[in-house]
Structure formats: structure tokens, C-alpha cells
Amino acid sequence: MHTMAAIPRMITSRYLSLIVIMFCLVSTFFFLLNNVQTARNAKIVDLPSARRLRLPGEFSKYLKPKASGSYCKMNFGLPTQLAYAKNNISGTPELKESSEFRILYNVIESQLGDEDPGVTYVTQLTKEFVLYLAEIVRYWEGAVSVAVYIPDGNPKDILQSILHFCYCIPQMSRLSLHLVFKKDSEPSFYLSKPMPPQTCEANELTRTSINSNSSRDTKPHDPTNWYPINVCRNAAREAAKTDFVLVSDIELMPSKGLASRFIDMTESYKCEAPNCKKRIFVVPVFEVDSKEDLPRNKRQLVNLMRDHKAVYFHQLTCVHCQKFPGLDQWKESEPGDIIKVSVRCPLAHGLVISV
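In the nomenclature of an unreviewed UniProt entry, the protein corresponds to N-acetyllactosaminide beta-1,3-N-acetylglucosaminyltransferase from the organism Dendroctonus ponderosae.

Caption draft 1: Structural detail: the overall build of the protein. In terms of helices and strands, the protein carries eight helices and 15 strands. Looking at the protein residue by residue over its 355 residues, the buried ones come to 55%. Sequence-distant contacts in the protein: of pairs separated by 6 or more residues, those separated by 24 or more amount to 80%. Put simply, the protein shows about 16600 Å² of open surface, and 51% of that area lies on carbon and sulfur atoms.

Caption draft 2: Molecular detail of the packing of aromatic side chains. Within the structure shown, the criterion is met by ten aromatic pairs. Ring plane angle 75° and centroid distance 5.3 Å describe the contact between Phe 244 and Phe 262, whose orientation is recorded as edge-to-face. Taken together, the residues span a long stretch of sequence, with Phe 244 in strand S9 (residues 244–247) and Phe 262 in helix H6 (residues 258–266) at a distance of 18 residues. With respect to class, Phe 244 is no different from Phe 262; both count as buried. Pairing Phe 262 with Phe 281 gives two aromatic rings, centres 5.1 Å apart and planes at 85°, and the pair type is edge-to-face. Pair noted here: Phe 262 is in helix H6 and Phe 281 is in strand S11 (residues 280–283), with a separation of 19 residues, a long-range link. Across the pair, Phe 281 and Phe 262 agree in class, each one buried. Grouping aromatic residues by their ring pairs yields a cluster made of Phe 101, Tyr 149, Trp 226 and Tyr 227. Cation over ring: Arg 138 sits above Phe 59, and NZ or CZ is 4.4 Å from the ring centre.

Caption draft 3: Structural view of the pairing of strand S7 (residues 144–150). Most of S7 sits out of view: seven of its seven residues are buried. Because side chains alternate across S7, one face comprises the buried residues Val 144, Val 146, Val 148 and Ile 150, and the other comprises Ser 145, Ala 147 and Tyr 149, equally buried. One ladder, built from five bridges, connects strand S6 (residues 119–125) with S7; its direction is parallel. Of the residues in S7, the one forming a bridge with Tyr 121 is Val 144. Pairing of S7 with strand S8 (residues 175–182) involves seven bridges; the strand directions are parallel. Residue Ile 150 lies in a different strand from S8, and its bridge partner there is Phe 181. Handedness of the crossover joining S7 and S8 through helix H3 (residues 156–166): right-handed.

Caption draft 4: Just H6, in detail. Burial of H6 is extensive: eight of the nine residues sit out of reach of the surface. Turning to H6, its buried residues number three or more, namely Leu 258, Ala 259, Ser 260, Arg 261, Phe 262, Ile 263, Met 265 and Thr 266.

Caption draft 5: Layout of the state of the cysteines. Enumeration according to the criterion identifies three disulfides in this entry. The disulfide partner of Cys 72 is Cys 166, and the S-S distance across this bridge is 2.0 Å. Handedness of the Cys 72-Cys 166 disulfide follows from its S-S torsion of about -85°: it is left-handed. With Cys 72 in the loop between strand S2 (30–31) and strand S3 (73–74) and Cys 166 in helix H3, the pair connects residues that are 94 residues apart, well separated along the chain.

Caption draft 6: Summary view of the environment of Val 285. With respect to the helices, strands and loops of the structure, Val 285 is situated in the loop between S11 and strand S12 (286–288). Along the chain, Val 285 and His 314 lie 29 residues apart, while their C-alpha atoms are 9.7 Å from each other.

Caption draft 7: Layout of the packing of helix H2 (residues 130–139) against H3. Between H2 and H3, whose axes approach to 10 Å, the crossing angle comes to 30°. With respect to each other, H2 and H3 are oriented roughly parallel. By crossing handedness, the relation of H2 to H3 is classed as right-handed. Here Val 130, Leu 131, Leu 133 and Ala 134 of H2 come into contact with H3, specifically with Ile 158, Ser 161, Ile 162 and Phe 165.

Caption draft 8: Highlighting the pattern of salt bridges. Within the structure shown, the criterion is met by ten salt bridges. With its nearest N and O atoms 2.8 Å apart, the salt bridge here joins Glu 186 to Lys 86. Taken together, the positions of Glu 186 in the loop between S8 and helix H4 (204–209) and Lys 86 in the loop between S3 and strand S4 (89–90) put the pair 100 residues apart, joining distant regions of the chain. Residue Glu 186 is classed as partly exposed on the basis of its relative accessible area of 33%. Overall, Lys 86 belongs to the exposed group, its relative accessible area being 62%. The network of salt bridges with common partners includes Lys 73, Glu 109 and Lys 241.

Caption draft 9: The arrangement of the nonpolar core in detail. Membership of the largest hydrophobic core comes to 57 residues, with the highest contact counts inside it found for Leu 82, Leu 133, Ile 162, Ile 169 and Met 172. Ranked by the residues each element gives to this core, the list is headed by H2, at seven residues. Discounting residues that sit within four places of it in the chain, Ile 169 has contacts with Phe 59, Leu 63, Tyr 71, Ala 134 and Val 137. Tyr 227, Ile 229, Cys 232 and Ala 239 belong to the second largest nonpolar core, which has 17 residues in total.

About the thresholds
Residues numbered from 1 in each chain as written. Predicted model: local features only at pLDDT ≥ 70, side-chain atom pairs only at ≥ 80, totals over all residues. Heavy atoms only, no water. Helix = DSSP H or I, 4+ residues; strand = E, 2+ residues; numbered from the N terminus. Buried < 20%, exposed > 50% of the residue type's maximum accessible area, 1.4 Å probe, protein only. Contact = heavy atoms within 4.5 Å. Areas by Shrake-Rupley, 256 points an atom, 1.4 Å probe, with all protein chains shown as cover. Phe/Tyr/Trp six-rings, centres within 6.5 Å; stacked < 30°, edge-to-face > 60°. Lys NZ or Arg CZ within 6 Å of the ring centre and 35° of its normal. Pairing = 2+ DSSP bridges. Right-handed = clockwise from strand over helix to strand, strands pointing away. Disulfide = S-S within 2.5 Å. Axes fitted to C-alpha atoms, helices over the stretch in contact; angles between N-to-C directions. Parallel < 35°, antiparallel > 145°, perpendicular 65-115°, else oblique. Left-handed = near helix turned anticlockwise from the far one by under 90°. Salt bridge = Lys/Arg side-chain N within 4 Å of Asp/Glu carboxyl O. Core = buried A, V, L, I, M, F, W, Y, C linked by side-chain atoms within 4.5 Å.

Given below as C-alpha cells:
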């Protein structure tokens, strides 16, 4: 519901945005599918079958900590503390200083090379979803901008988990991290003896955080205790350094090569009209049976759909709600090597991408 409500907000953005139109999964995590098997600037570790890796981030146990330093560019005194001035704190993109929330941008700052495809994966999370971050940076080939909501002013748990990945996953260099908090609950963080992990296996804090009480929970009839999803999403989007952003949720796994292939596709759909900045590209999303290996290309996905083990989002609960135009033709067409626009929606300035 939140994502659908956010689409009009994306249309008015100064960015030309890629929109993912759902965020609930049947499986632990899954992929938007295409047929590309390699990606620019992506170094994926050869790992055991997904059936033996049941939790997101579990692949990190096959990695080794960096010999010295961290893969992340840390600011404001990290990894030992958060040391920032009042002028480092910003209001929200929409309401500025009149908002009840504040943002500390670029606690961790992305480091992008010349081969960066030019699309930022924009998302938000709370500590119980931090394991998914390891999967996002692993499979997304470009920058990742994440806003973290700190409801109580104590970011220790989530920062320790993210810092753990900073020492282990090379792709964490693409991450920019931003803290969102209530204006009367400024975050504080201090570690007396921060040390790199001895192993890259998810530490106990990280493993248990996925089962912790959700920061998104709200108390009945308490309007002061709610998860500001659009504030977080727009903060992460505002911090993106690229013209294109993929607005998603942390549980959604992108296919390999999606960013670079999207940029290649835009060369065929250039627009000079005044309304170009209001265009959106909608990426179809699928749900996969949790007992199945994650499909890695279109052919595998279509085979699962024919075996009734994969469906487009909400197909089992609302057949027409998320059924995208051209679905049957898409299933019958050959995968090919390029992303195509399957249908245009001129009134909404929208383009549905066929991957």
C-alpha cells in the first residue's frame, strides 16, 4: 500500500525514477528476472545452492574480513562514535525544518567508480531487515542509498550489524547510509574498542535482529508511534547522486545487470519534451515458492510460472491488481539481450519495462 501511494510522489520528483510496485515476498528473497548472466562492475562470490542458504546475508560466512581497514567510507567519527554538529542535521525533503523528523545524511558515503551504471537503488530499513542489505549490495551493480529509521535515538544495534558487513563485503563500498530520527531523539553511538570481526559469518546481533520486535509496529490509537516510510524513502532518494533511481523495498532483490541494461535501454527512449522529468518506468515483480531455488534468468522464471511455483505479485489474492500489460506475450517471447518497453501509458507518463 505504501509503495502504490508513493507513485504520485515519484512522478513529481526531479529524478526520472524506476518504480518497484510492491514489497511483500513469498520467499525469503527473490529476483526481478532477466537473462543476463554477467554484470559490469559486479563480482559475485560463487556460493552453494540457495536451498542451503536459507537466510539473507548467510553467504557472508564464505567471505573473509578485509586485511586492513574497511570497504565503507565512514563519516562522523565512525566506526567508534557518531560525532556531528547541529548544522549536519537536515529537515526532511518535503517539510524541511517544520517536520517532526530529522536526517543525518551520509553516515556512510558511497564510493563510485567510472564504471558505475548511473542508477541508484533507493530503499529504507529498520534493524530487523538489516540482513537483506547484504543481498542488495551483492546483487545491485550500482550505488545503494539507504535510510534507516531510529525510533528511539539508539542506532547501536543496526550500526554494529552494518559495520560488520563493511569489513566483509567489497560491494559495501557502494553504500550510502542515512539516519532518520525524531527531532527530539538525536542518535548517539559510542564503542570503546571497535574491532574488525574475526569471521564474516553474521554475528549474533545481526542474526537475531531479523526476529526482533519490528520498529514498524505501531501502538493502537497512538498517532505518535508510526513508521515514517515515505520520509525514509524520500530521504534516501534525495541523497542519490545519479539521475536515475530504483525506488524499492529492502526485501526485493534486483536481477544481475538490471541497472546497466536499463541505462542502455534509455538510449532508445530519449525524451526532450517538458514532461520528461515526470516519466516513470515500472518494473514487474514476481513471487517465488519458498521451497524453490531462486530463478536467475527469465527462462527459469517462466518455467517456474508454468509449474505454478512462481506468480506475478498478488496473483493469488487479487488477479487484476498487479497484472502488468503484455504478460502473456512476455512469457512467450525469447529472453533476448536487451530490456524493452512493453507498453506506454501516456496519461501517467509511465513505461512498463519488459525484462
